[in-house]
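Chain by chain, the residues:
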Amino acid sequence: MYAQMVKSTGKGLVAREDMSFEDRAFQDRIDAGEKIEPKDYMPDGYRRNLIRQIGQHAHSEIVGQLPEGNWITRAPTLERKANLLAKVQDEAGHGLYLYCAAETLGVSRDEMTEMLLDGRMKYSSIFNYPTLTWADMGAVGWLVDGAAIMNQVPLQRTSYGPYARAMVRICKEESFHQRQGFHIMMAMVNGTADQKRMAQDALNRFWYPALMMFGPSDKDSVHSAQSMAWRIKMNTNDELRQKFVDETVPQAEYLGLTIPDDDLQWNEDTGHYDFTEPDWAEFFEVISGNGPCNVDRLNARQKAWDDGAWVREAMVAHAEKKAARKQAAE
Amino acid sequence: MQPLFEFLLRQGDNALVLGHRTSEWCGLAPALEEDIALTNTALDLIGQTQLWLGYAAEVEDTGRSANDLAYLRDAYDFRNLLMLEVPNEDFGRTLMRQFLFDAFQVPWLTALQTSADPRVAEIAAKSLKEATYHLDRSAETVVALGDGTADSNARMQAALDYLWPYSGELFADDETDSAMADGSIAPLPSSLRPAWATTVEDTAKAACLKLPESDFAHSGGRTGARHTEHLGHMLAVMQVLQRSYPGAVW
């Protein structure tokens, strides 16, 4: 899930009798499964929550380019290099769709970028972990994109039209990425002893961070209840995490890899795997800035933003000069 | 070395080295649209590499593959232009280099479409579509950044001044080129200089940039005789997995 811990700006779930006439009509439209479009009435809390959620998702795509971009120049074959380039390019494209969706809510891409860089907006904790071997390109595709899909497939039905439509395009590409990642893992586990070691090591390092992507248990969260009522959050974090574990364990078995959890086991009664929760203390450290790569990731984004300033300024200046010349000629 | 193999390595290595340099931008460009566009260019060039080096490997016929040629040769066996291996430095130099190369590639690939070697003609036809788009975009960007602000103009002028002494290598005919011309496989590169110069002069004018007067030209890339110091570092990164784990399948 690329949107974690999105704090609602409201005061929790508002009871129907406490809603204004407009808000009640708005909730009725959502309950009837209608899509909300940019010019439609929407409560301020809905708008602000969506900006945070879509913004966090967009930033995750952009920051998420970095750990995989880390291996583009070292990809082992021309085919792998092209596939990885295309994948990271898709992420830039996802960022673009999502920033556009957020712009329909009245916040510009530049404003959102500034908020990312000064820490007012977050991105997914997963991208604060390093990619250390080529097998990490497999593990990221398989586990990280796999976890993202769990969250994003239901979001295709989310109540806000531009977000739902962006998610339809994104999901198609994410499933492809997940298969690409699994394919890398297959090559690694069928390879040399060194490659198998890399594959197991990648799973060891990415398993718990992938589980953290869904966020902490939200059964008690009032924010989640409101987001679910607005249909901008479709499932609880725990439901999605369980679904991810249930789908991923057989895949790991197929690969001949061991999930780094001694207590992982199939539970006949529940029809699900029992598993060990990730270390939530680590999660809170990571989202508060103390992950292995937080500082480097933000510095890299800040540097790209600063280094590109002259280009953006020049493009605008040229467009203005061109328009002025055209006007003078008419 | 067979002249045709040598010729194909030059085409493939140009695409590979520029594709690799361009790929270094992925995730770090000045704006998302530029990031996506640069990655497109890199992808096109890596695709062209596969075609040229794939054919080179067939012509060589010693059992090496396109990947072997890309990942298991050392710097002195590379046949790319020096201009393409120097570091990106900044967005301005990256786009200026792309433009100087594209301005050559478009007439060059246009001519190769009528090569007596049908495989060369086929690869050229496919690559030309991409190169034409690359030239539109790089020329437009050079004009925008040259014309934009005083700062951007100075940066683009510095990029042009830096790259200019490397541009002459595009037209340095040698025995391989003569053999290709004799076999009607490719024209002499020097024959394309007027077309290239026209594009470059027109674009520089629109970009408010001054073409350097010196006609000094570095050489040694397309023959492999003397690369820059930069290529070895690039290959050390690019080839690390193939070199560290010989025989592994990825």
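Note: the structure precedes this text.
Draft legend 1. Region of the structure containing the state of the cysteines. All chains considered together, the criterion is met by zero disulfides over all chains. Free of any disulfide, Cys171(A) has its nearest cysteine sulfur in Cys100(A), 17 Å distant. With no disulfide of its own, Cys293(A) has Cys26(B) as its nearest cysteine by sulfur position, at a separation of 17 Å.

Draft legend 2. Spotlight on helix H12 (residues 294–307) of chain A. All names here are of chain A. The first and last C-alpha atoms of H12 sit 20 Å apart over 14 residues, in line with the 20 Å expected at 1.5 Å per residue. Among the residues making up H12, those that are buried are Asn294, Arg297, Arg301, Ala304 and Trp305. Summarising the axial view, the buried residues of H12 lie within an arc of 115 degrees, below the 170-degree limit, and thus occupy one face. Turned more than 90 degrees away from the buried face of H12, the exposed residues are Val295, Asp296 and Lys303. Where the residues of H12 are buried, they touch helix H2 (44–63), helix H3 (65–69), helix H5 (109–117), helix H11 (280–290) and helix H13 (309–329).

Draft legend 3. Quick look at the interface of chain A and chain B. Each side of the interface is counted separately: chain A has 46 residues, and chain B has 48 residues. Summing both partners gives a buried area of about 3,900 Å² for chain A against chain B, and 67% of it is carried by carbon and sulfur. Per-residue buried area on chain A facing chain B is highest for Leu78(A), Gln89(A) and Trp310(A); these three make up 21% of the total on that side. In this structure, the connection of chain A to chain B is made through three salt bridges. Between Asp147(B) and Arg325(A) there is a salt bridge whose closest N-O contact spans 3.2 Å. Linking chain A to chain B there are 19 residue pairs in polar contact (both at pLDDT 80 or more). Counting only elements with at least two residues in the side of chain A that touches chain B, the list comes to H3, helix H4 (78–103), helix H7 (161–189), helix H8 (193–212), H12 and H13 of chain A. Top contributing element to the side of chain A that touches chain B by residue count: H4(A), with 14 residues. Class assignment of the residues belonging to the side of chain A that touches chain B gives a composition of 25 nonpolar, ten polar and eleven charged.

Draft legend 4. The arrangement of a negative patch on the surface in detail. All names here are of chain A. Where like charges cluster on the molecular surface, the negative patch consists of Glu103, Asp110, Glu111 and Glu114. Here the negative patch takes three residues from H5, the largest share from any one element. Note that glutamate 114 resides in helix H5.

Draft legend 5. Representation of the packing of H4(A) against H7(A). Residue and element names in this part refer to chain A. Their axes nearest at 10 Å, the elements H4 and H7 cross at an angle of 160 degrees. For the element pair H4 / H7, the angle class is roughly antiparallel. Judged by the twist between their axes, the crossing of H4 over H7 is left-handed. Broken down by class, the residue content of the contact of H4 with H7 amounts to eleven nonpolar, five polar and six charged.

So, how was this worked out
- Residues numbered from 1 in each chain as written.
- Chains lettered and ligands numbered in written order.
- Predicted model: local features only at pLDDT ≥ 70, side-chain atom pairs only at ≥ 80, totals over all residues.
- Heavy atoms only, no water.
- Disulfide = S-S within 2.5 Å.
- Helix = DSSP H or I, 4+ residues; strand = E, 2+ residues; numbered from the N terminus.
- Expected span 1.5 Å × (residues − 1).
- Buried < 20%, exposed > 50% of the residue type's maximum accessible area, 1.4 Å probe, protein only.
- Arc of directions from axis to C-beta.
- Contact = heavy atoms within 4.5 Å.
- Buried area = accessible area lost by both parts, 1.4 Å probe.
- Salt bridge = Lys/Arg side-chain N within 4 Å of Asp/Glu carboxyl O.
- Polar contact = N/O pair within 3.5 Å; in protein donor to acceptor, adjacent residues only side chain to side chain.
- Nonpolar A, V, L, I, M, F, W, Y, C, P; charged D, E, K, R; others polar.
- Patch = residues over 30% accessible without salt bridge, like charges linked within 9 Å, V, L, I, M, F, W, Y side chains within 5 Å.
- Areas by Shrake-Rupley, 256 points an atom, 1.4 Å probe, with all protein chains shown as cover.
- Lys, Arg positive; Asp, Glu negative; His and termini not counted.
- Charge placed at Lys NZ, Arg CZ, Asp CG, Glu CD.
- Axes fitted to C-alpha atoms, helices over the stretch in contact; angles between N-to-C directions.
- Parallel < 35°, antiparallel > 145°, perpendicular 65-115°, else oblique.
- Left-handed = near helix turned anticlockwise from the far one by under 90°.

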